[in-house]
Structure formats: structure tokens, C-alpha cells
Amino acid sequence: MESAEAKKVMLSGIQPSGELHLGNYLGAVKNWVALADAFDCYYFMADMHTITVRQEPKELRRRTTEQLAEYIACGLDPEKNTLFIQSHVHEHAELGWILNCYTMFGELSRMTQFKDKSAKHANNINGGLFTYPALMAADILLYQPDYVPVGEDQKQHCELTRDIAIRFNNLYGETFKVPEPYIPKTGARIMSLSDPTSKMSKSDPAGCVFIMDRPEDVARKFKRAVTDSDTERCVRFDPENKPGVSNLMNIYSAVTGRSLDRVEKEFEGQGYGVFKAAVGDAVVETLRPIREQAGRLIADKAYIKQVYTDGDLKASRVARRTLRKVYRKVGFVEKPFE
Ligand code: TRP
């Protein structure tokens, strides 16, 4: 057996800014669960990132721990993965400041997420929103990961992280591992049920199935899912011309493990109504144990606290090692005691 040291390291952050949905589960978390044995994985609740947009403090606190519980319920095993809360590991803020000084104004200005978010929150374009990618670089580089599993929307931030790491290494010698974004080969891209041309998102609740939705709500959302207005009315995979049906096929294939070909055959000669109901049922059954387990874990506050305490200890140890090295390299005087 390989020792933990020999395993490649993976790290990703999740903003506790909303409830976990089917798109997150099938597109990301499910893959992460499968990676736990082959990699040394770190996942953290990115609460520090979340406050770049105004948050209700009580809500943020609740969502941070509930989201952790939901991830565990999805199969992310705290015995195999390091799960922690970003703000508990103060090295993130500390390295974040330093990396701010090695990130250019022009680079930050080019980030599409900054442009999008400042358009959306025009009354709160704060410094944190602008320098967020430097904190994200710190989140990553502290753990010297080989891979950063992220969605398409975070690729630009990962590229910038690599540029910052390379820049720092060139100035001070090998300090950071230069990580690669990890875009899994499998892992469905789940679209909104009400608008299959845009990604499933919590900002469109009618088209979004949440992990914690009641079964009857899940079933209803699938019954009302938009299908396509083409004339052939058959279940065939064609994302270009039949985005609605193709999205439902992707979902069905992901939750049943059946190939798209097989799904096509299964519903040959059947109408969209039958198909939508079948997809709804399959999703309900997939989510049922997750939702029930999440409910139990959310109620078990002591257990969740134990998970993030253990995670903090392990993450802090690794983060401290990297930060110390960085402090030395940039010329800070060593602190006599910790
Ligand atoms: N920026 C990511 C998002 O909005 C969350 C995130 C924060 C993250 N720090 C990270 C992802 C480090 C990967 C690695 O989704």
C-alpha cells in the first residue's frame, strides 16, 4: 500500500453561500468522493471568500456547518479527507496578504468573475472582491497541491495562481508547487431544469434541485422541466438541438450509471412525460439517503464540530510549514515563539 506521503495532493474550496444542489453533487462532489483513496484531499468551507458579498452573519454561520454536514452526507468521508473551515486556519489570511503584493493590478482587473460580480453588486465593489484571487492563490499554495479540482468558472483563478507561484519561485527559489487545475473526465455538467442553456444555479430555484429538497418538490421540479419544442418528441441525446432532453438524459445517466445509449433505448417510443417522471423518481431515490443522512448530521453538532476541529489541526500543520518558509524567503524576522 502507498503511504499517505506518496499520494498526490488535491485541494478545493467551497463557498458556503447557498444550499448544495444536484449540479454541485453530480458535477463535483460525487467525483471527489471517488478520489479519496487515490489522493490526499483537502476541502474547506471558504467562509472568508463569501464575505466579499454582504452576508447575514447568522446565516453564514449556519450554512458553513450545514454545508459541511451535507458534503459528508454526500460521501465525503472525514476519515479519508481533510475537511476544515477556512477562517480557522489563519495562515490563509496571512499568506493572502503576502501574495497580494505579488499579484498585479492588471491581472486582477482581467478576472471575469470580478467583472461579473462587480456588475451584479454595483453598490459594494469592495477591495476584497478585487483581491479575492490572491486569497484563493494562498488557499491553494499553502497546501502544495498537485491538483485543484474546480469548475470551468474557476479556471482563470487557477491560471493566475500558477502565475503567482511561478513569479514567487523565480524571485526566491523553489517555494511553491505549481498546481494544475483538475477538470474530471467524468462528471456531468448539469443544466437548469427551467432553462437548459444555463448551468443549474441556486439563483434560479425553479430549475434547481437542492439536496435537501423534499421528494415531492424534486418530483414536481422534474415534471415541470422544460423539454424541447422539436417535432420528433423522442428521447435522443442531442445537446445542440435538444438541450432540455439531453440534460435530463445526462442526469438520469449520472444517477443510474447507465450509458446514454442505453437510456435512449430504455425510453424508445415513450413520450417526454414518462421520461421526466422516471428521471424525477431516480433522482428522488438517489437523494433520499443523502438528505436523511444530512439531516442527522446537521442535528449532531458535536460530531460536526469534531470533524472541523480535526480538519483544522491537520490543515494548520501543513499551512504553517509553508507560511514559515514564505516569511523567511521574503525577509521577515523569525518570531521567537509560537
Ligand atoms: N473561488 C471558488 C469559488 O467561488 C472557491 C474557492 C476559494 C476555491 N478558494 C479556493 C476553489 C481554492 C479551489 C481552490 O467557487
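This text gives an overview of the structure that appears in the document. Every value quoted in this text rests on a predicted model; they were computed, and no experiment measured them.

About the cut-offs
- Residues numbered from 1 in each chain as written.
- Predicted model: local features only at pLDDT ≥ 70, side-chain atom pairs only at ≥ 80, totals over all residues.
- Heavy atoms only, no water.
- Axes fitted to C-alpha atoms, helices over the stretch in contact; angles between N-to-C directions.
- Helix = DSSP H or I, 4+ residues; strand = E, 2+ residues; numbered from the N terminus.
- Parallel < 35°, antiparallel > 145°, perpendicular 65-115°, else oblique.
- Left-handed = near helix turned anticlockwise from the far one by under 90°.
- Contact = heavy atoms within 4.5 Å.
- Nonpolar A, V, L, I, M, F, W, Y, C, P; charged D, E, K, R; others polar.
- 1 Å grid on protein atoms, 1.4 Å probe; cavity = no way out; pocket = protein on both sides within 12 Å on 5 of 7 lines; lining within 4 Å.
- Points joined across faces, edges and corners; volume = space filled by probe spheres on them.
- Phe/Tyr/Trp six-rings, centres within 6.5 Å; stacked < 30°, edge-to-face > 60°.
- Buried < 20%, exposed > 50% of the residue type's maximum accessible area, 1.4 Å probe, protein only.
- Near = heavy atom within 4 Å.
- Polar contact = N/O pair within 3.5 Å; in protein donor to acceptor, adjacent residues only side chain to side chain.
- Areas by Shrake-Rupley, 256 points an atom, 1.4 Å probe, with all protein chains shown as cover.
- Expected span 1.5 Å × (residues − 1).
- Pairing = 2+ DSSP bridges.
- Right-handed = clockwise from strand over helix to strand, strands pointing away.

### A closer look at the packing of helix 6 (residues 112-120) against helix 7 (residues 127-141)
Packed helix pairs are specified by the crossing angle of their axes together with the interaxial distance, meaning the distance between the axes. Their axes nearest at 10 Å, the elements helix 6 and helix 7 cross at an angle of 160°. Overall, the two elements helix 6 and helix 7 adopt an arrangement that is roughly antiparallel. Helix 6 and helix 7 meet at a crossing whose hand is right-handed. Of helix 7, the residues touching helix 6 (which contributes Gln113, Phe114, Lys117 and Ser118) are Leu129, Phe130 and Tyr132. A class-by-class count of the residues in the contact of helix 6 with helix 7 yields four nonpolar, two polar and one charged.

### With respect to empty space enclosed by the protein
Within the structure shown, the criterion is met by three cavities of 30 Å³ or more. In this structure, the largest cavity occupies an estimated 50 Å³ of space. Lining the largest cavity are Met111, Gln113, Phe114, Lys117, Leu129, Tyr132, Pro133 and His157. Breaking the lining of the largest cavity down by element, the ones donating at least two residues are helix 6 and helix 7. Here the residues of the lining of the largest cavity are counted per class, giving five nonpolar, two polar and one charged.

### Section: the packing of helix 3 (residues 57-73) against helix 12 (residues 272-299)
Relative to each other, helix 3 and helix 12 sit at 135°, their axes nearing to 8 Å. As judged from the angle between their axes, helix 3 and helix 12 are oblique. Of the two elements, helix 3 crosses helix 12, and the hand of that crossing is right-handed. Residue-level contacts link Glu66, Ala69, Glu70, Ile72 and Ala73 of helix 3 to Ile290, Gln293, Ala294, Leu297 and Ile298 of helix 12. Its residues placed into classes, the contact of helix 3 with helix 12 shows seven nonpolar, one polar and two charged.

### Observations concerning the packing of aromatic side chains
Under the counting rule described, the total for this entry stands at 18 aromatic pairs. For the pair tyrosine 102 and tyrosine 172, a centre-to-centre distance of 5.9 Å together with 75° between the ring planes defines the contact as edge-to-face. With tyrosine 102 in the loop between helix 4 (91-100) and helix 5 (105-109) and tyrosine 172 in helix 8 (residues 155-172), this pair connects stretches of sequence that are 70 residues apart. A relative accessible area of 14% means that tyrosine 102 is categorised as buried. What makes tyrosine 172 partly exposed here is its relative accessible area of 27%.

### Some thoughts on the site of the ligand
In the vicinity of the ligand, the residues found are Ser12, Gly13, Gln15, Phe44, His49, Tyr132, Met136, Asp139, Ile140, Val148, Val150 and Gln154. In this structure, glutamine 15 approaches the ligand through a side-chain N or O atom, which is 3.0 Å from an oxygen atom. The separation between a nitrogen atom of the ligand and a polar side-chain atom of glutamine 154 is 3.1 Å. Relative to its unbound accessible area of 370 Å², the ligand is 91% covered by the protein chains.

### Notes on helix 13 (residues 301-330)
Between the first and last C-alpha of helix 13 there are 41 Å, a value that for 30 residues agrees with the 44 Å anticipated at 1.5 Å per step. Buried within helix 13 are the following residues: Ile304, Val307, Tyr308, Gly311, Asp312, Ala315, Ser316, Val318, Ala319, Thr322, Leu323 and Val326. Glycine 331 occupies a position one or two residues after helix 13 and carries a positive phi of about 105°.

### Some thoughts on the pairing of strand 2 (residues 39-45)
Regular strands have side chains that alternate between both faces of the sheet. With seven of its seven residues buried, strand 2 lies for the most part within the structure. Where burial is concerned, the two faces of strand 2 agree: the one with Phe39, Cys41, Tyr43 and Met45 and the one with Asp40, Tyr42 and Phe44 are both buried. Here strand 1 (residues 8-14) pairs with strand 2 via seven bridges, running parallel. Within the sheet, the bridge partner assigned to valine 9 lies in strand 2 and is aspartate 40. Chirality of the crossover, the property in question, places the unit of strand 1, helix 1 (residues 22-35) and strand 2 among those that are right-handed. The pairing of strand 2 with strand 3 (residues 81-85) spans five bridges and is parallel. Bridged to phenylalanine 44 within strand 3 is phenylalanine 84.

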